[in-house]
Amino acid sequence: MSTQSKAAYRSAAWFGKIDRHGFGHRSWMRIQGFPGDVFDGRPVIGICNTWSELNPCNAHFRDLADHVKRGVWQAGGFPVEFPVTSLGEAIMRPTAMLFRNLASMDVEESIRANPIDGVVLLCGCDKTTPSLVMGAASCDLPALVVSGGPMLNGKYQGRDIGSGTDLWRFSEQVKAGTMGLNQFMEAEACMSRSPGHCMTMGTASTMASMVEALGLSLPENAAIPAADSRRSVLAHLAGRRIVEMVAEDLRMSRILTREAFENAIRVNAALGGSTNAVIHLLAIAGRIGVPLSLDDWDRLGHDCPTLVNLMPSGQYLMEDFYYAGGVPAVVRALGEHGLLRQDALTVNGKTIWENCREAPNWNAEVIRPWERPLVERGGIAVLRGNLAPDGAVIKPSAASPHLMRHAGRAVVFESIEEYKQRIEDPSLDAGEDSVLVLKNCGPKGYPGMAEVGNMGLPPKLLKRGITDVVRISDARMSGTAYGTVVLHVCPEAAIGGPLAHVREGDRIELDVEQRRLHLDVPEEELQRRSAAWRAAPPPMSGGYQRLYFEHVLQADTGADLDFLIGCRGLAVPRESH
Ligand code: FES
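Residues numbered from 1 in each chain as written. Predicted model: local features only at pLDDT ≥ 70, side-chain atom pairs only at ≥ 80, totals over all residues. Heavy atoms only, no water.

On to helix α4 (residues 100–113), then. An ideal rise of 1.5 Å per residue puts 20 Å on 14 residues; α4 measures up with 20 Å between its terminal C-alpha atoms. Among all positions of α4, only Arg-100, Asn-101, Ala-103, Ser-104, Val-107, Glu-108, Ser-110, Ile-111 and Arg-112 are buried. (Helix = DSSP H or I, 4+ residues; strand = E, 2+ residues; numbered from the N terminus. Expected span 1.5 Å × (residues − 1). Buried < 20%, exposed > 50% of the residue type's maximum accessible area, 1.4 Å probe, protein only.)

Here we take up the sheet that holds strand β4 (residues 143–147). Strand order in the open sheet formed by 4 strands is β2-β1-β3-β4, with parallel pairing between adjacent strands. Edge positions in the open sheet fall to β2 (78–83) and β4, since each of these has one partner strand only. Between one strand axis and the next, the sheet turns by 20° as a mean value, whatever way the strands run. Docked against the sheet, helix α9 (residues 229–248) engages β1 (44–49), β3 (118–123) and β4, running at close to 175° with respect to β4. (Pairing = 2+ DSSP bridges. Axes fitted to C-alpha atoms, helices over the stretch in contact; angles between N-to-C directions. Contact = heavy atoms within 4.5 Å.)

To continue, consider the packing of α4 against helix α12 (residues 276–288). At a minimum axis separation of 13 Å, α4 and α12 run at an interaxial angle of 35°. Crossing hand, α4 versus α12: right-handed. In this structure, α4 uses Arg-100, Ser-104 and Glu-108 to contact α12, whose residues at the interface are Ile-279, His-280, Ala-283 and Arg-287. For the contact of α4 with α12, a count of residues per class yields 2 nonpolar, 2 polar and 3 charged. (Left-handed = near helix turned anticlockwise from the far one by under 90°. Nonpolar A, V, L, I, M, F, W, Y, C, P; charged D, E, K, R; others polar.)

The subject of this paragraph is the nonpolar core. Counting residues in each nonpolar core, the largest one holds 108 residues, and the members touching the most others are Ile-111, Leu-121, Phe-261, Trp-297 and Phe-321. Once you skip the residues sitting within four places of it in the chain, Phe-321 turns out to touch Met-201, Ala-223, Leu-271, Val-308, Leu-310, Gly-326, Val-327, Val-330, Val-366 and Ile-367. Listed in part, the 28 residues of the second largest apolar core include Leu-387, Ile-394, Val-486 and Val-521. (Core = buried A, V, L, I, M, F, W, Y, C linked by side-chain atoms within 4.5 Å.)

Most of β3 sits inside the fold, with 6 of its 6 residues counted as buried. Side chains of β3 alternate between two faces, with Gly-118, Val-120 and Leu-122 and Val-119, Leu-121 and Cys-123 buried alike. One ladder, built from 5 bridges, connects β3 with β4; its direction is parallel. Note on β4: the bridge partner recorded for Leu-122 is Val-146. Handedness of the β3-helix α5 (residues 128–137)-β4 crossover: right-handed. (Right-handed = clockwise from strand over helix to strand, strands pointing away.)

The following block contains the structure:
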């Protein structure tokens, strides 16, 4: 194990000099009441905080940061907390995803511009995890993730209800006339009843699990509820450990290896994790320079059973998952069945297998045994065909088995606005065999690739008791959502991909087993439609959204901005004055 001497820490370039610059750097830091000996060459640990009252899932992060600081002080480091852009999934418009790459730039530049030797990333709500990890990966420094933890289980009328998943369910019940508005409003107060992020296996829980599977967090990070004192203990221990990691020069590139990504893909399958993980892991891999493709998701994950019985694929919630054993129990199951790269290193200096090989499973209903999985082949499937030449994804564990092979006539919506206008129209020509197609909701189209792919069904179908039809779009879907929903169609409609050329009544064939997504229209006709297609103008004439529009890549490579891909390192910038 390599070690760094104190003089080698990059913070010494700021605080280690006996000259005008060193005076300036130290003197202004002393405004905050730090004694002079904190500049004695000890490692400076950044605590990258996404606290914001506009991001309620991360609203408890000031407390969490304090626990990290205790650990850093205790281990002989110098903790400095700094804020970065916080992306609140439930609040931001048009979609928090539009700003994931912007936030990652904030993280990367904040780290590089400051005297930071190692960083603890405080992540919670959906996009805060990928944006912080992407930004730090482009610096490649010792980094450790502490997630905020999920909310306690929602409780409504004597039963557990899950963030998002039950909201989708309730809103469909209201449309179907089986739930009153008074009950709907009462449920609102019962769903979110503690600090923390969504407690279903939505995107936040999935991404917290992904960083644990990647080895970027201490074991058990993903599932400890935000309100559980063991979350504070984990933050304290993370503060201690990051100081050691700096001394060992244990950088992200030693953790984020190809093996680590393979483990994360399989853990995602076993969890029934969010389709959003596909895009985020591809983007993170791009930053650290690990080759990873959409097809890796299918090849490594699709045959893997889904073991974890959590909403939206199953029944339980994150609090139950923690008590059952959490991610370590899942990793152990994968390892015992030959589906784990056991030597992948983690932030505590041990391999993932050393961390998890004895992890218990305390509840075989929440974490199903291998012989009795929730879904036999539950990993994300990658579909291709003339409708998605560069790929599309579907999450079988959250889909209806009877629709996994299906052909039907398209009901086409050119935009989400058109969908909203027409979906409740009783004269809409849609039946249970229809395929709902939504266009122009991809990375450029929305812009920002909103989570609108799980379009609600026409009320006239819901009233007949039909709860699922095939839906296809270039959008994403909330990790809390469910249904037979084909997402991330590439290339997207807004750049003239085949999806742009689907017309009302066209026949579409979906065959998940064969990984096929086919538009049954003659090639000559598709070429005619393509020749007549015209791109819409950029959504904004200037500002970040213009930059985003001009540089965002397609979903099959992670929807990063083209100029952000790669690791730019952590060279000390020149002095400012
Ligand atoms: Fe923040 Fe779901 S809205 S995690």
